[in-house]
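# Coordinates in review
Residues per chain, in single letters:
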Amino acid sequence: SSGINAEYGQPAVCGLICNFTAPTETKPALLYHSEVETYFHEFGHAMHQICSQTEHTYFSGTAVERDFVEAPSQMLENWCWETDSLRLMSGHYKDDSPIPDELLEKLVASKLANVATTTCRQLVFGSFDQDIHTRTSADTAACFSNAHELVMATQHQKAPTSLPSLAHGGRV
């Protein structure tokens, strides 16, 4: 497919605007692994947009069901955690020598660091959501603390009250 809607002749257009590590006077832009992962993730959104074939732009790209919107991006970002892919896309910037195997192994192994904590955090949010939406009224702070204690087996530490709440439109 040419990416052009046959009926309207409109090409798919998408762009990425990224804020990655800039080059210096002595070195080219050398991206951190997290920046490469972000690039692949966002490129997944771009490919999702470009490959969409719909009559109405309202239903194209990321305008899909919420449980699918991240799927193409997550599929692409997984390439950043595969040893063979990392070897293909990297090398020393001066002599193109490969990343040492030991370093690659450590990088790939680091993907699983803190996975349990992140999963438990999502369980807290899910438990909290279920709790407040199965009541006619709720003390949301108490419900959140209860969900946190239930899942994490520790007391929830409240943030200082002087910080603005991002969940309620605050700005930092």
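This text follows the structure it describes.
Presented here is a report on the structure given in the accompanying data block.

This paragraph deals with the side chain of His-148. Residue placement: His-148 occurs in helix 6 (residues 140-152). You can call His-148 buried: its relative accessible area is 14%. Setting aside anything within four residues of it in sequence, one finds His-148 in contact with Val-124, Ala-153, Thr-154, Gln-155 and His-156.

Within the secondary structure layout, Lys-27 lies in the segment before helix 1 (33-51). Spatially, the C-alpha atom of Lys-27 lies 9.2 Å from that of Lys-94, the residues being 67 residues apart in sequence.

A contiguous nonpolar surface patch, about 370 Å² in accessible area, is contributed by Leu-16, Tyr-39, Phe-43, Met-47 and Ile-50. Mapped onto the fold, Leu-16 is located in the segment before helix 1. When its relative accessible area of 33% is taken as the criterion, Leu-16 is described as partly exposed.

A few words now on the packing of helix 5 (residues 115-132) against helix 6. At their nearest, the axes of helix 5 and helix 6 sit 8 Å apart, and the two run at 140° to each other. The orientation of helix 5 with respect to helix 6, classified from their angle, is oblique. By crossing handedness, the relation of helix 5 to helix 6 is classed as right-handed. The segment helix 5 lies against helix 6, with Thr-117, Cys-120, Arg-121, Leu-123, Val-124, Phe-125, Ser-127, Phe-128, Asp-131 and Ile-132 engaging Thr-140, Cys-143, Phe-144, Ala-147, His-148, Val-151 and Met-152. Taken together, the residues that form the contact of helix 5 with helix 6 break down as 11 nonpolar, four polar and two charged.

The rules we used
- Residue indices follow the written sequence of each chain, beginning from 1 at its first position.
- The predicted origin of the model limits local features to residues at a pLDDT of at least 70 and limits the giving and counting of side-chain atom pairs to 80 or more, whereas totals for whole chains, interfaces and linings rest on all residues.
- Side-chain measures here rest on the full set of heavy atoms in the structure, leaving out hydrogens and waters.
- Elements are defined by DSSP. Helices are runs of H or I of four residues or more, strands are runs of E of two residues or more, and each kind is numbered from the N terminus.
- Exposure categories follow from relative accessible area, calculated using a 1.4 Å probe and restricted to protein chains: below 20% of the type maximum is buried, above 50% is exposed, and the middle band is partly exposed.
- The contact criterion used is simple: two residues touch if any of their non-hydrogen atoms lie within 4.5 Å.
- Two distance rules govern patches: like charges are joined within 9 Å, and nonpolar side chains (Val, Leu, Ile, Met, Phe, Trp, Tyr) within 5 Å, applied only to residues with over 30% relative accessible area and no salt bridge.
- We get accessible surface area from the Shrake-Rupley algorithm with a probe of 1.4 Å; when it comes to residues, only the shown protein chains can shield them.
- Each salt bridge in this description consists of a side-chain nitrogen of Lys or Arg and a carboxyl oxygen of Asp or Glu lying within 4 Å of one another.
- Each axis is a line fitted through C-alpha atoms, taken for helices only over the stretch in contact, and angles between the N-to-C directions span 0 to 180 degrees.
- Should an angle fall under 35 degrees it is called roughly parallel, over 145 degrees roughly antiparallel, and 65 to 115 degrees roughly perpendicular, with every other angle called oblique.
- With the far helix as reference, a near helix turned anticlockwise by less than a right angle produces a left-handed crossing, and one turned clockwise produces a right-handed crossing.
- Residues are sorted three ways: Asp, Glu, Lys and Arg are charged, Ala, Val, Leu, Ile, Met, Phe, Trp, Tyr, Cys and Pro are nonpolar, and all the rest, Gly among them, are polar.

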